[in-house]
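Tertiary structure, described
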Amino acid sequence: NAGVMQNPRHLVRRRGQEARLRCSPMKGHSHVYWYRQLPEEGLKFMVYLQKENIIDESGMPKERFSAEFPKEGPSILRIQQVVRGDSAAYFCAGTEQGNHGNTIYFGEGSWLTVV
Amino acid sequence: QQQVKQSPQSLIVQKGGIPIINCAYENTAFDYFPWYQQFPGKGPALLIAIRPDVSEKKEGRFTISFNKSAKQFSLHIMDSQPGDSATYFCAAGSGGSNYKLTFGKGTLLTVNP
């Protein structure tokens with residue numbers, strides 16, 4: 001997983017609560033990518049962040065979802081007023097230089113269940 | 001609109017068999033095609049990847065075949081083992097950064113002993 005650390009691994013929230021998912025890339029890396037995997041689906045790109053900057057948020061839902069990557073500390077994906085449809089696995093990823101340029105490596109994921 | 005179509009949805013083979021998973025894409029701008037393996041409760045792990053300038057790539061027991069004109073690519077697993085039982089995802093990306101991958105819906109592979 002290229003040293004990408006995510007927590008919590010599992011999170012249960014009631015409808016209307018907030019969910020915060022954290023991601024720390026490999027030491028020295030300043031980019032993170034968030035993907036979402038709905039049940040029985042492939043992963044879908046959400047957002048690309050560098051330290052203190054959102055580079056590409058084209059996959060983020062327009063409402064209730066936000067992401068940040070502060071100068072210090074982990075990247076945080078925040079989901080406000082969660083609904084049942086937010087139940088999914090959320091993966092953070094980093095990149096490493098490989099044979100085909102930068103290659104995406106995923107963390108172990110955070111599984112969100114909304115009850 | 002699903003830009004990467006993966007089939008079959010599930011596949012069962014006997015140990016030693018050669019499962020084949022197929023993917024087709026629509027966007028001709030795609031120029032990077034990785035395959036990921038995912039075990040239950042884990043993150044997807046990169047298995048093998050190919051670019052359109054070659055038609056085949058082998059790494060160990062895993063082979064990607066690529067047909068640029070048909071916009072199709074497939075994963076073959078030689079001498080499959082029960083430990084290969086997992087969900088396999090094809091994906092496609094474009095541009096030098098390869099960070100914005102479009103994934104297929106996955107194939108659940110079961111290899112029976």
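See above for the structure.
In short, a report on the structure. (Residues numbered from 1 in each chain as written. Chains lettered and ligands numbered in written order. Predicted model: local features only at pLDDT ≥ 70, side-chain atom pairs only at ≥ 80, totals over all residues. Heavy atoms only, no water.)

1. Side note on the interface of chain B and chain A
If you look at the interface, chain B gives 22 residues, while chain A gives 22 residues. Here chain B and chain A share an interface that buries about 1900 Å² over both sides, 51% of which is from carbon and sulfur atoms. Ranking the residues of chain B by area buried against chain A places Pro44, Tyr99 and Phe103 of chain B at the top, with a combined share of 30%. Applying the counting rule to chain B against chain A returns 3 salt bridges. In this structure, Asp56 of chain A engages Lys100 of chain B in a salt bridge whose closest nitrogen and oxygen atoms are separated by 3.3 Å. Where chain B touches chain A, the interface holds 10 residue pairs in polar contact (both at pLDDT 80 or more). Looking at which element gives the most residues to the side of chain B that touches chain A, the answer is strand β5 (residues 45-50) of chain B, with 3 residues. (Contact = heavy atoms within 4.5 Å. Buried area = accessible area lost by both parts, 1.4 Å probe. Salt bridge = Lys/Arg side-chain N within 4 Å of Asp/Glu carboxyl O. Polar contact = N/O pair within 3.5 Å; in protein donor to acceptor, adjacent residues only side chain to side chain. Helix = DSSP H or I, 4+ residues; strand = E, 2+ residues; numbered from the N terminus.)

2. Some remarks on the state of the cysteines
All chains considered together, the criterion is met by 2 disulfides over all chains. Note that Cys23 of chain A is cross-linked by a disulfide to Cys92 of chain A, the S-S spacing being 1.8 Å. Handedness here is read from the sign of the S-S torsion; for Cys23 of chain A and Cys92 of chain A, about -65°, the answer is left-handed. Linking Cys23 of chain A in strand β3 (residues 19-24) with Cys92 of chain A in strand β9 (residues 88-98), this pair joins segments that are 69 residues apart in sequence. Grouping residues by exposure puts Cys23 of chain A and Cys92 of chain A together as buried. For Cys23 of chain B, the disulfide goes to Cys90 of chain B, at an S-S distance of 1.9 Å. (Disulfide = S-S within 2.5 Å. Buried < 20%, exposed > 50% of the residue type's maximum accessible area, 1.4 Å probe, protein only.)

3. Focus on the pattern of salt bridges
For the structure shown, the criterion picks out 9 salt bridges over all chains. The partner of Glu41 of chain A in a salt bridge is Lys105 of chain B, and the shortest N-O contact between them spans 3.6 Å. Of this pair, Glu41 of chain A sits in the loop between β4 (31-37) and β5 (43-50) while Lys105 of chain B sits in the loop between β10 (102-103) and β11 (107-112), placing the two residues on different chains. On the basis of relative accessibility, which here comes to 22%, the residue Glu41 of chain A falls in the partly exposed class. Residue Lys105 of chain B is classed as partly exposed on the basis of its relative accessible area, which comes to 42%. Residues joined in a network through salt bridges with shared partners are Glu18, Arg20 and Arg78 of chain A.

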